[in-house]
Amino acid sequence: MKELLAGKGSSLLAGLAASRVLLAFDFDGTLAPIVDQPDDARMRRTTAKLLGAVCALYPCAVISGRAKADVVDRLQGASVKYVVGNHGLEPGPCLEEYAEEARIAQRLLETALAGQRGVEIESKTYSLAIHYRRAPRKEAARKLISRAVATLPRSMRVVPGKLVVNVVPDGAPNKGDALMQLQAMEGADTAIYVGDDVTDEDVFRLDRPGRLLTIRVGQSSLSSAAYYLRDQRAMDRLLAELVALRKRPPSGPQVDSRSPERAADALDFLRRLWALNHSLEALSGNMTARLGITAQQRLVIRLLGKYPGLPPGRLAALLHLDPGTISATLRRLEAKGLVSRRPDPKDGRRAALQLTSKGSPLDRAAPGTVENAVELLLKETPPEEIAAAQRVLERLTERVRSEVADNLRPHRYTEDRMP
Ligand SMILES: [Mg+2]
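Predicted, not measured: the structure shown is a model, and the values here were computed from it. (Residues numbered from 1 in each chain as written. Predicted model: local features only at pLDDT ≥ 70, side-chain atom pairs only at ≥ 80, totals over all residues.)

**Some points on the overall build of the protein**
Piece 1. Along its length, the protein carries 15 helices and 13 strands.
Piece 2. Considering only C-alpha atoms, the protein reaches an extent of 95 × 60 × 40 Å along its principal axes.
Piece 3. Per-residue burial over the protein gives 30% buried out of 419 residues. (Helix = DSSP H or I, 4+ residues; strand = E, 2+ residues; numbered from the N terminus. Buried ≥ 20, exposed ≤ 12 C-beta atoms within 10 Å, placed from the backbone.)

Pasting the structure below:
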């Protein structure tokens, strides 16, 4: 478990902020400090303001153990897109069943715990919370509650918390299930989750490297979270950092193209491009280790599978590469025995490229590849967004090329500036 706001954590946040990310937070102990009376829990004014700002920049969710309506009342106007209560089960299917199971458990526990000082059973309609933070002898109270819940019908799951024992219908969606469902609904490629308690471990345990960043409030050797914040106050720093990573200065048609605002916009855009570049390189490196070919070599194989007999010049044009660059890639693929060239039957002076019997099996969709990520993204993105993104990328490529061409003119640059 590493501290998030130190070392590499910040660059990790920057990469995620540039992705299609869903932010999800627990409430008590995470957005709001733990207080003696659960009913008094509220966010600090600074946290509420920062959460509002974060919600304007990212799709956000609060996934709490409280009843959903109770959490909604505590959000102080922040427009949180998704609010999930009851440890992940509300809203969701089978609520009537869960309510009935919670009612039965409540009746049994009220009898078993009658007269215990400082022990309070809170009904959240679909689950129960047995609080003992006001009990004079907390350890004794906890043991007593454990014994009482052990007598409950097996349809209930017991989740310990901070001076509370939660009793939840067994098999109901937990916080991990809720997060996965929200991520799918939102079409988010990545998610960041912050929590502080045992029920948050249902999220922390999800093993989704690169796609889910898990953060615990407070360090704990027992937690499955990858990162931690030193304390609940550090939430404000995390939220402020998330805002800064996405906040763009206001710009309008009256803004001069060389103004600082435009320069900041350019840096903001560039930052996203580098994040993409970094992810492409990371996945390509991973593909080399697993499949023995880079992402670009694989793209060549897929194109040759689609257009057998393609001459190298046409392939270079399709890939927007110069012929020299594609020759090097082809040499490597030929050396690996994946691609071969023969004289073009229509024009003997030209070479025609094709996949060998060893290369052909690689020409099919496979998980864990760059084109798989692109395919999934295209499937879930409206066509007009794809078209606009393609236009912008093509124009940017042209612009970058003309910068190269302008600065290749020999000597001019240095001569102009020579004393
Ligand atoms: Mg909590």
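**So, helix H12 (residues 323-335)**
Piece 1. Taking 1.5 Å per residue, 13 residues should reach 18 Å; H12 reaches 18 Å between its end C-alpha atoms and fits that length.
Piece 2. Burial in H12 covers these residues: Ile326, Thr329, Leu330 and Leu333. Viewed end-on, H12 has its buried residues packed into an arc of 100°, placing them on one side of the element. Facing away from the buried surface of H12 by more than 90 degrees, the exposed residues are Gly324, Ala328, Arg331 and Ala335.
Piece 3. Two residues or fewer after H12 comes glycine 337, characterised by a positive phi angle close to 75°. (Expected span 1.5 Å × (residues − 1). Arc of directions from axis to C-beta.)

**Focus on the sheet that holds strand E2 (residues 21-25)**
Paired through their backbone hydrogen bonds, the strands of a sheet run either parallel or antiparallel.
Piece 1. The seven strands lie next to each other as E1-E11-E10-E9-E2-E3-E4, forming an open sheet whose pairing is parallel. The two strands at the open ends of the sheet, each matched to only one other strand, are strand E1 (2-3) and strand E4 (82-84).
Piece 2. The sheet contact formed by E2 and strand E3 (residues 60-63) spans three bridges and is parallel. Bridging across to E3, alanine 24 finds its partner in alanine 61. (Pairing = 2+ DSSP bridges.)

**With respect to the sheet that holds strand E5 (residues 120-123)**
Piece 1. If you walk across this open sheet you meet the four strands as E5-E6-E8-E7, and the pairing is antiparallel. The sheet terminates laterally at E5 and strand E7 (156-161), the two strands that pair on one side only. On average, each strand axis in the sheet is inclined to that of its neighbour by 20°, with strand direction left out of account.
Piece 2. With four bridges joining them, E5 and strand E6 (residues 128-131) adopt antiparallel strand pairing. Paired with glutamate 120 across the bridge in E6 is histidine 131. (Axes fitted to C-alpha atoms, helices over the stretch in contact; angles between N-to-C directions.)

**Some points on the pairing of E2**
Piece 1. Taking burial as the measure, the five residues of E2 include five buried ones, the bulk of the element.
Piece 2. Neither face of E2 is left uncovered, since the one carrying Val21, Leu23 and Phe25 and the one carrying Leu22 and Ala24 both have all their residues buried.
Piece 3. Across five bridges, E2 lies against strand E9 (residues 190-195) in parallel orientation. Looking across to E9, one finds that leucine 22 is bridged to alanine 191.
Piece 4. Where the polypeptide runs from E2 across helix H2 (residues 45-57) and back to E3, its parallel neighbour, the crossover connection is right-handed. (Right-handed = clockwise from strand over helix to strand, strands pointing away.)

**Examining the packing of H2 against helix H8 (residues 234-246)**
Two quantities define a packed helix pair, namely the angle between the helix axes and the distance between the axes.
Piece 1. Interhelical geometry of H2 versus H8 gives an angle of 30° and a closest axis separation of 9 Å. Put simply, H2 runs roughly parallel to H8. When you trace H2 past H8, the crossing you get is left-handed. Contacts between H2 and H8 involve Thr46, Thr47, Leu50, Leu51, Ala53, Val54 and Leu57 from the former and Met235, Asp236, Leu239, Ala240, Leu242, Val243 and Arg246 from the latter.
Piece 2. Its residues assigned to classes, the contact of H2 with H8 comprises ten nonpolar, two polar and two charged. (Parallel < 35°, antiparallel > 145°, perpendicular 65-115°, else oblique. Left-handed = near helix turned anticlockwise from the far one by under 90°. Contact = placed C-beta atoms within 7 Å. Nonpolar A, V, L, I, M, F, W, Y, C, P; charged D, E, K, R; others polar.)

**Notes on the nonpolar core**
Piece 1. In terms of nonpolar packing, the biggest core is built from 49 residues, with Leu23, Ala24 and Ile215 touching the most fellow members.
Piece 2. Ranked by residue count, the leading element in this core is E2, at five residues.
Piece 3. Setting aside chain neighbours within four positions, we find isoleucine 215 in contact with Leu4, Ile192, Tyr193, Val194, Ala225, Tyr227, Tyr228 and Leu229.
Piece 4. With 22 residues, the next largest nonpolar core counts Ala129, Tyr132, Ile145 and Val165 among its residues. (Core = buried A, V, L, I, M, F, W, Y, C linked by C-beta atoms within 7 Å.)

**Structural notes on the confidence of the model for the protein**
Piece 1. The pLDDT averaged across the protein works out to 87; a share of 93% of its residues lies at or above 70.
Piece 2. Mean pLDDT values over the elements of the protein span from 43, in helix H15 (residues 412-417), up to 98, in E3.
Piece 3. Segment residues 249-256: pLDDT under 50, and seven contacts once partners within four positions in sequence are set aside and those in other chains are kept.
Piece 4. A low-confidence stretch, residues 411-419 (pLDDT under 50), is modelled with one contact involving residues beyond four sequence positions or located in other chains. (pLDDT = per-residue confidence, 0-100.)

**Thoughts on the environment of cysteine 60**
Piece 1. Note that cysteine 60 resides in strand E3.
Piece 2. Take cysteine 60: there are 24 C-beta atoms within 10 Å of it, and that puts it in the buried class.
Piece 3. It is 5.9 Å that separates the C-alpha atoms of cysteine 60 and leucine 22, two residues lying 38 residues apart in sequence.
Piece 4. In this structure cysteine 60 touches Leu23, Val54, Cys55, Val80 and Lys81, once residues within four positions along its chain are discounted.

**Focus: unusual backbone geometry**
Piece 1. In the segment running from glutamate 90 into proline 91, the intervening peptide bond is cis, with an omega of 0°.
Piece 2. The residue proline 91 is located in the loop between E4 and helix H4 (95-112) in this model.
Piece 3. Even without a glycine there, the phi angle at cysteine 94 is positive, about 60°.
Piece 4. As for its position among the elements, cysteine 94 is in the loop between E4 and H4.
Piece 5. Overall, cysteine 94 belongs to the partly exposed group, with 15 C-beta atoms counted inside 10 Å.
Piece 6. One non-glycine residue, threonine 125, lies in the positive phi region at around 70°.
Piece 7. On the basis of neighbour counts, which here come to 16 C-beta atoms within 10 Å, the residue threonine 125 falls in the partly exposed class.

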